[in-house]
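Reading the structure
These are the residues of each chain, in order.
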Amino acid sequence: MEKLKNGLDRIIEIFCIIIMGIMTILVTWQVITRYVFNNPSIFTEQTAQYLFVWLVMYGSAYVFGKREHMQISFVRDLTKGNIRKIIDIFQEIIISIFVIMVMIYGGYYSALRQMVQVDAALQIPMGVVYSAIPISGVFVIFYAIYNIKKIILGQSEK
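An account of the accompanying structure is given in this report. Everything quoted here is computed from the prediction, not taken from an experiment.

Let us look at the layout of surface pockets. Size it by volume and the largest pocket reaches roughly 170 Å³. When contributions to the lining of the largest pocket are tallied by element, the ones reaching two or more residues are α2 (42–66) and α4 (81–114).

So, in structure tokens, the structure goes:
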């Protein structure tokens, strides 16, 4: 499971780096066309917006996998030992329930419904953009299972 997690981490890292690089180029071109040529490019503006959505969704799944996400740990910090483990596992389960219901289930059906709507500028189905929600949800669930396993085995660093 460790190799699978490290491989998924690496894939998401590379994907986010590529997205960030493409966004930098697109936004630079957008600024040049807007202020130098006084003719903004609709293509680059829309593409950068959609890539930003993907960057946020996949980046947040990556951060969750690294357990570097923001959390309210007031109660957890007051405890030690097995109680802390139970609270950590409970937290992962609550997040997983939310992710399954909202991101995977809701995101899948939202993306499916949006497949018939085509973006005016790019001529791609909007469902392609929305597909980042359930896909990143699946990544979060994998990471939650991995984190629970690490907590139970006592190998959790956070």
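This part covers the packing of helix α1 (residues 2–35) against α2. Where α1 contacts α2, the two axes come as close as 9 Å, and the packing angle between them is 155°. Viewed along their axes, α1 and α2 adopt a mutual orientation that is roughly antiparallel. Considering only the axes of α1 and α2, their crossing is left-handed. Tallied by class, residues from the contact of α1 with α2 come to 17 nonpolar, five polar and six charged.

What follows deals with the nonpolar core. If you look at the biggest cluster of nonpolar residues, it comprises 23 residues, and the most contacted ones within it are Leu8, Ile12, Tyr58, Phe139 and Tyr143. Where this core is concerned, the elements lending two or more residues are α1, α2, α4 and α6 (132–153). With eight residues, α2 is the largest single contributor of residues to this core. Sequence-distant contacts of Phe139, defined by excluding residues within four places in its chain, comprise Leu8, Ile12, Tyr58 and Ala61.

So, about α1. In an α-helix there are 3.6 residues to a turn, and that puts residues three or four apart on one side. The terminal C-alpha atoms of α1, which comprises 34 residues, lie 49 Å apart, in line with the 50 Å expected from a rise of 1.5 Å per residue. Turning to α1, its buried residues number three or more, namely Lys5, Leu8, Asp9, Ile12, Cys16, Ile19, Met23, Leu26, Gln30 and Thr33. On the buried face of α1, the contacting elements are α2 and α6.

Analysis parameters
Residues numbered from 1 in each chain as written. Predicted model: local features only at pLDDT ≥ 70, side-chain atom pairs only at ≥ 80, totals over all residues. Heavy atoms only, no water. 1 Å grid on protein atoms, 1.4 Å probe; cavity = no way out; pocket = protein on both sides within 12 Å on 5 of 7 lines; lining within 4 Å. Points joined across faces, edges and corners; volume = space filled by probe spheres on them. Helix = DSSP H or I, 4+ residues; strand = E, 2+ residues; numbered from the N terminus. Axes fitted to C-alpha atoms, helices over the stretch in contact; angles between N-to-C directions. Parallel < 35°, antiparallel > 145°, perpendicular 65-115°, else oblique. Left-handed = near helix turned anticlockwise from the far one by under 90°. Nonpolar A, V, L, I, M, F, W, Y, C, P; charged D, E, K, R; others polar. Core = buried A, V, L, I, M, F, W, Y, C linked by side-chain atoms within 4.5 Å. Buried < 20%, exposed > 50% of the residue type's maximum accessible area, 1.4 Å probe, protein only. Contact = heavy atoms within 4.5 Å. Expected span 1.5 Å × (residues − 1).

Keep in mind these values describe shape, not function.
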